[in-house]
Amino acid sequence: MYIVQIASECAPVIKAGGLGDVVYGLSRELEVRGHAVEVILPKYDCMRYDHVWGMHDAYRDLWVPWYGGTIHCSVYCGWVHGQLCFFIEPHSGDNFFNRGIYYGANDDNMRFAFFSKAALEFLLQSNKRPDILHCHDWQTGLVPVMLFEMYKFHGMGTQRVVYTIHNFKHQGMAGPDVLRATGLNNDAYYYSRDRLVDDFHPGAINFMKGGIVYSNFVNTVSPHHAWEARFSDIGCGLGRILEVHQSKFGGVLNGIDYNLWNPESDRYIPGFYNKDDLEGKAKDKKALRERLLLRDSDKPLICYIGRLDNQKGVHLVHHAIYYALHKGAQFVLLGSATEAAINSKFWHEKQHLNNNPDCHLELGFNEELSHLIYAGADMIVVPSNYEPCGLTQVISLRYGTVPIVRGVGGLVNTVFDRDYDQNKPLEERNGFVFYQSDYQALESAMSRALDLWAKEPEEFQKLVKQGMEYDYSWNHPGEQYVGIYDYIRHK
Ligand SMILES: Nc1ncnc2c1ncn2[C@@H]1O[C@H](COP(=O)(O)OP(=O)(O)O[C@H]2O[C@H](CO)[C@@H](O)[C@H](O)[C@H]2O)[C@@H](O)[C@H]1O
C-alpha cells in the first residue's frame, strides 16, 4: 500500500510530545512491513534541521488557493532517520510557520487549516495518489472534510482516510472565516450538527469533529481511552458524535520504536543492559547522578518525564517530589510547561530545591537527557488526570524502570499492579497503579513501590524483569493499522 501521513509533528525533527514519536514510529513500522510511506509536515523555522538528511526542493511552485487568491509555497523533501518527509513552506505575509514555535499562536486554527489545504494541493498537483491518508489530531481534522467535499471531484476519489486522535482536549475551533479561506464556503451546509458545527458553541466550526465525521476510520491511541471518550467527559464534548459514528471508531494502543528506545544500544547512555544482565543500568544511574550533581548514595531514584500541564496531574507530580524526598528517595524531573502559571511554579520549586543533593528539576525539553533518565532511574511516576495512551511508562518498562501510574486511559492497558491486578498472574505484573487523584492515593502506591525496593530487593528486580519482558514495540499496532487500512480500502 501507499500511505501518506499528514501531521504537525514527526520525531525527532519536529517533536513537542508523543504525537511526533507515533508518526515516526508507525511510519517506520509500515515500511518494514513493505508499504511505501511518506510524511507531509509544515516546514517550521524552529524544527531540528540537523535531523534531516539530503534536504532539497521537491516541488518549487505550489500555488494553494486561500480566500479568493492563492499562496505560493515551496515543498522540500528529505530523510528523517530513514523516513521520507515532505515539508511545506508557504511564502506569505502570514508567516504561518516562521514563528519560532510549533503551537501556541493566536491563529493556530488558520495556520493548520492552511497546512491541511496545502497538503491536499500538494498531493493533487504532484499527482500523488496514495491509497491511505493517515491524519492526526485537530491540526489535520479538515483534511478528510476537504478531500471528500472538494478534492474527490478533482481526481482524488479513491483515497481513504484514517484519523487518529491523540488528545481530545484540543479540538481546533474557528468561525465561518475558515470555510471562506479553505474554499469550503456554504455556511448553512457545514454549520449542521451532523457535520462541522461544535455541539456546544453554535458559532464555531470544530476541526476534530470534522475529522470524526468525514474519515473512513477514527481511532484514539488505546482501547481504554476509546471507551472513556465515548462514555465519560474525557471526550470533551465529542461523545455524541462518537456515538453516532461508533461503527468506525476504536482504540489502537501505541507502540514505541524499539530501535530508538533500546537499552542494549542507546547512544545516549554509557551502560548497555538487557533483562538478563542489568549491570549497565547501575552504570547509567551513576552517570545520571554525576550529570545532575546528585549525591552518590544507595537511595532509590524516582523520576518524572513529560509535559507539565493539567493533563499530566501537575499537583501530583509536585507532591511526588516532596513525598519521595520525605521517604528518603532521590527525585529527578524533566519537564516543560507552556502555561505561564505552571512554568513559574516549577521554576520557583527548582530554586527552592537547588541545593538539595537528592533532587534535580530540569525544566525544558531535552531528548538526549530523557534517555539517560529512563535508563538511570529505578521508578517513574505518571499521575495523569487523563492519558490517551502515554509513552513514558512504556519507554520506562523497556528500560527496566518500574512505573507508578494512575489507572486512566492507556495506562490501564499497559501497567498492571503488582499487588492488586485482577487479570494478570503475578509473574506478568509490571508496576504499581492507583486510581484516585488525591495525595493519599499517590502516596500509597509510591510507598508500596519504595517498600518493595528497600525490603524485598529480589522481588523488585523480578518486577523490573517482568516489565522488560513486555513487547510494546510497533509490531502489534503496526499489524492492526494495516488491518484497518485494508478494511477501509475494500469496504
Ligand atoms: N521535557 C522533555 N524532554 C524530553 N523529552 C520529553 C519531555 N517531555 C516529554 N518528552 C517525551 O515526549 C514523549 C511524551 O509522550 P506522552 O505519551 O507523554 O505524550 P503527550 O502527552 O505529549 O501526547 C499525546 O499523544 C501521545 C501519542 O499518541 C499519547 O501517548 C499521549 O497519551 C497523549 O497525551 C515521550 O517520548 C517523552 O520522553
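Note that the structure is predicted; figures quoted are calculated from it, not measured. (Residues numbered from 1 in each chain as written. Predicted model: local features only at pLDDT ≥ 70, side-chain atom pairs only at ≥ 80, totals over all residues. Heavy atoms only, no water.)

Undergrad: How would you sum up the site of the ligand? Please name residues and give values.
TA: The environment of the ligand is made up of 30 residues, and the closest members are D21, H166, K312, Y374 and E387. A distance of 3.0 Å separates an oxygen atom of the ligand from a polar side-chain atom of K15. H166 places a polar side-chain atom, nitrogen or oxygen, 2.6 Å from an oxygen atom of the ligand. At the level of elements, α1 (18–32), β12 (301–307), β13 (330–336), α12 (367–376) and α13 (392–398) are the ones that each hand at least two residues to the shell around the ligand. Tallying contributions element by element places α1 first for the shell around the ligand, with 4 residues. Three or more residues apiece are contributed to the shell around the ligand by two domains, here domain 1 (2–255 + 475–489) and domain 2 (279–468). (Near = heavy atom within 4 Å. Polar contact = N/O pair within 3.5 Å; in protein donor to acceptor, adjacent residues only side chain to side chain. Helix = DSSP H or I, 4+ residues; strand = E, 2+ residues; numbered from the N terminus. Domains from an automatic or database assignment.)

Undergrad: Explain the pairing of strand β2 (residues 36–42) to me, and be specific about the residues and the numbers.
TA: Most of β2 is tucked away: 6 of the 7 residues are buried. Relative to β2, strand β1 (residues 2–6) runs parallel, the two being bridged by 5 bridges. When the sheet's bridge partners are listed, V4 is paired in β2 with E38. In this fold, the crossover linking β1 to β2 by way of α1 has right-handed handedness. Summarising the sheet, β2 and strand β5 (residues 83–91) pair through 4 bridges and their orientation is parallel. Bridge pairing in β5 links P42 to I88. (Buried < 20%, exposed > 50% of the residue type's maximum accessible area, 1.4 Å probe, protein only. Pairing = 2+ DSSP bridges. Right-handed = clockwise from strand over helix to strand, strands pointing away.)

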